[in-house]
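# Residue-level structure breakdown
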Amino acid sequence: MAAELRRQVRTWRWLLAAAMLTLMVLSLMPPSPSLPSTGWDKSNHMLGFAVLAILGHFAWPGRRWSMLLGLLAYGGLIEVLQSFTPDRFAELGDLVADGAGLLAGKALATLYKRLASTRF
């Protein structure tokens, strides 16, 4: 059973890394109407970081709070990098939206895990 759990965690970690890379690329690309969007910049941040939190919840099962802090720092890194691009800029409000998304994603992942463990 331990080998199966390690395989699952490794899969979740790869998915998290792929999502982080995708989010970084989308965050640093010049804005374009063809990019995926919710229609509001802050909800884009919340959605993206909620997905990262959900993936991170399963990728780092014993380190959930440190994983969330690391993902918030990642959001900060993206904001810093955006300040060096000609078409993007850093905003504290974006980092706040990242944090809200992380908390929402953690809540959803926790709820899912609880509901899944109470199934018959």
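The structure reproduced in this document is the subject of the present report. Every value quoted in this text rests on a predicted model; they were computed, and no experiment measured them. (Residues numbered from 1 in each chain as written. Predicted model: local features only at pLDDT ≥ 70, side-chain atom pairs only at ≥ 80, totals over all residues. Heavy atoms only, no water.)

## Points about the environment of Ala59
Going by this rule: Helix and strand labels come from DSSP, where a helix needs a run of H or I of at least four residues and a strand needs a run of E of at least two; each type is numbered from the N terminus. We call two residues in contact when some of their heavy atoms are within 4.5 Å.
Looking at the secondary structure, you find Ala59 in helix H2 (residues 41–59). C-alpha separation for the pair Ala59 and Leu103, spaced 44 residues apart in sequence, amounts to 16 Å. When sequence neighbours within four positions are dropped, the list of residues in contact with Ala59 reads Val9, Trp12, Arg13 and Leu16.

## Here's the deal with the nonpolar core
As a reminder of what qualifies: By nonpolar core we mean a set of buried residues, namely Ala, Val, Leu, Ile, Met, Phe, Trp, Tyr and Cys, connected to one another through side-chain atoms within 4.5 Å. Residue exposure (1.4 Å probe, protein chains only): buried if accessible area is under 20% of the type maximum, exposed if over 50%, otherwise partly exposed.
In terms of nonpolar packing, the biggest core is built from 16 residues, with Leu16, Met20, Phe49, Leu52, Leu71, Tyr74 and Leu102 touching the most fellow members. Elements represented by at least two residues in this core include exactly helix H1 (2–28), H2 and helix H3 (64–82). Each residue touching Leu102, except ones within four places of it in the same chain, is listed here: Phe49, Ala50, Ala53, Leu68, Leu71 and Leu72.

## Some remarks on the pattern of salt bridges
To keep it simple, the criterion reads: A carboxyl oxygen of Asp or Glu within 4 Å of a side-chain nitrogen of Lys or Arg is what we treat as a salt bridge.
Under the definition given, this model contains four salt bridges. A salt bridge links Lys42 to Asp41; the shortest N-O distance between them is 3.2 Å. Its relative accessible area of 17% is what places Lys42 among the buried residues. Accessibility expressed as a relative area gives 33% for Asp41, which makes it partly exposed. In this structure, Glu91 engages Lys42 in a salt bridge whose closest nitrogen and oxygen atoms are separated by 3.2 Å. Of this pair, Glu91 sits in the loop between H3 and helix H4 (92–117) while Lys42 is found in helix H2, placing the two residues 49 residues apart along the sequence. Judged by relative accessible area, Glu91 falls into the partly exposed class, the value being 30%.

## Some details on H1
What counts, and what does not: Any helix carries an expected span of 1.5 Å times its number of residues minus one.
For H1, which comprises 27 residues, the first-to-last C-alpha distance of 39 Å matches the rise-based estimate of 39 Å (1.5 Å per residue) to within 8%. The secondary structure elements touched by the buried residues of H1 are H2 and H3.

## Considering the packing of H1 against H3
Note the following rule: Axis geometry follows a simple rule: fit a line to the C-alpha atoms, using only the stretch in contact for helices, then measure angles between N-to-C directions, giving values from 0 to 180 degrees. Small angles under 35 degrees read as roughly parallel and large ones over 145 as roughly antiparallel, with 65 to 115 read as roughly perpendicular and the rest as oblique. Handedness of a crossing is defined here by the sense of rotation of the near helix relative to the far one, left-handed for an anticlockwise turn of less than a right angle and right-handed for a clockwise turn. Each residue gets one of three labels, nonpolar for Ala, Val, Leu, Ile, Met, Phe, Trp, Tyr, Cys and Pro, charged for Asp, Glu, Lys and Arg, and polar for the others, Gly among them.
Here H1 crosses H3 at 25°, and the two axes come no closer than 10 Å. Relative to H3, the element H1 is oriented roughly parallel. Relative to H3, H1 is oriented so that their crossing is right-handed. Across the interface between the two elements, Leu16, Met20, Leu21, Met24, Ser27 and Leu28 of H1 pack against Leu71, Tyr74, Leu77, Ile78, Leu81 and Gln82 of H3. Taken together, the residues of the contact of H1 with H3 break down into ten nonpolar, two polar and no charged.

## A few points about the environment of Phe58
Among the secondary structure elements, Phe58 is positioned in helix H2. The exposure class assigned to Phe58 is buried, which follows from its relative accessible area of 16%. Note: C-alpha distance between Phe58 and Lys113 (55 residues apart in sequence) is 9.6 Å. The residues contacting Phe58, other than those within four sequence positions of it, are Val9, Trp12, Ala109, Tyr112 and Lys113.

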